[in-house]
Amino acid sequence: MGYQPEYIPLELCTHVIFKAFSFPTFVARQMLFNDKDKIDFSRLLYSVRSRSNTVRVVASIFGTARDFTATSATIVRRKAFVLAVASLLLEIDADAIELNWKCPGSSNAGCGSGLDRSTMITLLQDLRQAINSASNHIAGRPRELWFRGSLHPNALQEAYNIYDVCELVDHITLDPNTVADLGGVHAPLQRKPIVFPSVFGRPQEVINDMTGLQMNTQTWIDEGCPPKKLLFGVAIKGVRKTYMKQPSWFPGGKSHFGIADDTTSMPYNEACRRIRESGWRHEWDQYGAMPFTKRSTRDNREEEISYEDLNSLRYKMDMVQQKRLGGIYFDSVHSDDIYGWCGQPYALTAYLSSRVRSIPSDIGFAIEWN
């Protein structure tokens, strides 16, 4: 049956994000949402509201770059989408709608159109009006518009008019899974410098671009987004990579800044058990402020898993507090060690909740459920 809505620890959070409604289909100049998604959302909503009078429920709408580009760039599709979203909001009685626009723009971080930067604003303007109108249906029930934002440096430069986006929406959820993969740990506060050793008489070269979660989050603020509107994303998972030990083109050993032979993600509750197996060498990335572990495989490769733990989450929450962000969102609650295989059940969730509660915040702690 999977992770049921009844299992969500509502005492630890302020919002639950439903992940996610599929992008609506366009039929005869109308857009229609999937009925099964509505049923699943209704189950979640009933479970939350039967147990809490304060936790709010957010309906996230996932779409590819092509979905949102085609919709935002044409009047007929844009109007149909806005009408469908407004109707959905009232029909399912959600507290907020979130747009999860996957990889906007046309840079190497995007898979949409170079026009997304402007058509995105037009779409958000129309949705803002629709959400405000929906809020007037029931006194004392303000509805909100949320937006899932990228932390890839190219997307930040080319895909968003950040000031206008933040002006039009109530909250931005910053997706930690969008950070550029340049090797090393998967969710670093700062990238580890890349060292090119001396080869064929060329001097050693060190490249330190300082990118990572900390700098890219700051870009949203520097471009005019109020920190209180930003929810920093935390994905508690492990990422496994394998590398060749001695690439033929790279004298002196493994190219740690190169492309991994294979990359796979796993929930934290799986990663925490795997790294307890024999043969691992446990290390700490002082730049990324994350743990990782390595071991040699039988086929002359090196296996590496980076993951979150209480120490790495402490550094991330320190950043949230220092930047005075609105809060965090958690992707996803069932990825935590919910059964206590590696220690206390929900240990990471509980820690994040306690840290958020100790920081004055307008939002607090939103967790995703799917």
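Above: the structure in question.
What comes next is a walk through the structure. (Residues numbered from 1 in each chain as written. Predicted model: local features only at pLDDT ≥ 70, side-chain atom pairs only at ≥ 80, totals over all residues. Heavy atoms only, no water.)

## Re the environment of Asn 216
- Residue placement: Asn 216 occurs in helix α7 (residues 213-222).
- The exposure class assigned to Asn 216 is buried, which follows from its relative accessible area of 3%.
- A sequence separation of 27 residues divides Asn 216 from Leu 189, and the C-alpha atoms of the two residues are 9.2 Å apart.
- Other than its neighbours up to four places away in sequence, Asn 216 contacts Leu 151, Pro 153, Leu 156 and Thr 211. (Helix = DSSP H or I, 4+ residues; strand = E, 2+ residues; numbered from the N terminus. Buried < 20%, exposed > 50% of the residue type's maximum accessible area, 1.4 Å probe, protein only. Contact = heavy atoms within 4.5 Å.)

## Digging into the side chain of Asp 336
- On the secondary structure map, Asp 336 appears in the loop between β16 (327-331) and α10 (347-357).
- Within the buried core, Asp 336 has no salt-bridge partner, and the shortest N-O distance to an opposite charge, that of Arg 273, equals 11 Å.
- Those residues in contact with Asp 336 that sit more than four places away from it in its chain are Ile 236, Tyr 268, Asn 269, Tyr 346, Ala 347, Leu 348 and Thr 349. (Lys, Arg positive; Asp, Glu negative; His and termini not counted. Salt bridge = Lys/Arg side-chain N within 4 Å of Asp/Glu carboxyl O.)

## A closer look at the sheet that holds strand β12 (residues 262-267)
- One open sheet holds the five strands; their spatial order is β12-β11-β15-β14-β13, and the pairing between them is antiparallel. Among the strands making up the open sheet, the edge pair consists of β12 and β13 (281-285). Neighbouring strand axes in the sheet, compared pairwise and without regard to direction, differ in orientation by 25° on average. (Pairing = 2+ DSSP bridges. Axes fitted to C-alpha atoms, helices over the stretch in contact; angles between N-to-C directions.)

## Overview of the state of the cysteines
- A complete count under the given rule lists three disulfides for this structure.
- Put simply, Cys 166 and Cys 225 are joined by a disulfide, and their sulfur atoms are 2.1 Å apart. Residues Cys 166 and Cys 225 are joined through a disulfide that is left-handed, its torsion about the S-S bond being -100°. Remark: Cys 225 occurs in the loop between α7 and β10 (230-235) and Cys 166 occurs in helix α6 (residues 162-168); sequence separation between them is 59 residues. Exposure class is identical for Cys 166 and Cys 225. Each is buried.
- The disulfide that involves Cys 272 links it to Cys 342, with 2.1 Å between the sulfurs. Here Cys 272 and Cys 342 share a disulfide; its torsion about the S-S bond, 80°, makes the bridge right-handed. Of this pair, Cys 272 sits in helix α8 (residues 268-274) while Cys 342 sits in the loop between β16 and α10; the two residues are 70 residues apart in sequence, bridging distant segments of the chain.
- Cysteine pairing for the protein chain, with bonded cysteines counted in sequence order: 1-2, 3-4, 5-6. (Disulfide = S-S within 2.5 Å.)

## Side note on the packing of aromatic side chains
- In this structure the tally under the stated criterion is 15 aromatic pairs.
- Ring geometry for Phe 18 against Trp 369: centres 6.0 Å apart, planes inclined by 35°, an arrangement best described as tilted. Taken together, the residues Phe 18 in strand β1 (residues 15-21) and Trp 369 in strand β17 (residues 364-369) connect sequence positions 351 residues apart.
- An angle of 45° between the planes, with centres 5.2 Å apart, marks the rings of Tyr 160 and Trp 220 as tilted. Taken together, the positions of Tyr 160 in the loop between α5 (153-158) and α6 and Trp 220 in helix α7 put the pair 60 residues apart, joining distant regions of the chain.
- Residue Tyr 160 is classed as buried on the basis of its relative accessible area of 1%.
- Through successive ring pairs, a cluster of aromatic residues spans Phe 18, Phe 21, Phe 33, Phe 41 and Trp 369.
- Its guanidinium or amino end placed over the ring of Trp 341, Arg 273 lies 3.8 Å from that ring's centre, counting from NZ or CZ. (Phe/Tyr/Trp six-rings, centres within 6.5 Å; stacked < 30°, edge-to-face > 60°. Lys NZ or Arg CZ within 6 Å of the ring centre and 35° of its normal.)

## Thoughts on the nonpolar core
- Ranked by size, the top nonpolar core spans 90 residues in total, and within it Val 16, Phe 147, Ile 172 and Trp 220 carry the most contacts.
- Top contributing element to this core by residue count: helix α3 (residues 75-92), with nine residues.
- Residues in contact with Val 16, not counting those within four places in the same chain, are Ile 8, Leu 10, Leu 44, Val 48, Val 55, Arg 56, Val 57, Val 58, Ile 367 and Trp 369.
- Formed by seven residues, the second largest nonpolar core is a distinct cluster that contains Ile 17, Val 58, Trp 146 and Leu 231. (Core = buried A, V, L, I, M, F, W, Y, C linked by side-chain atoms within 4.5 Å.)

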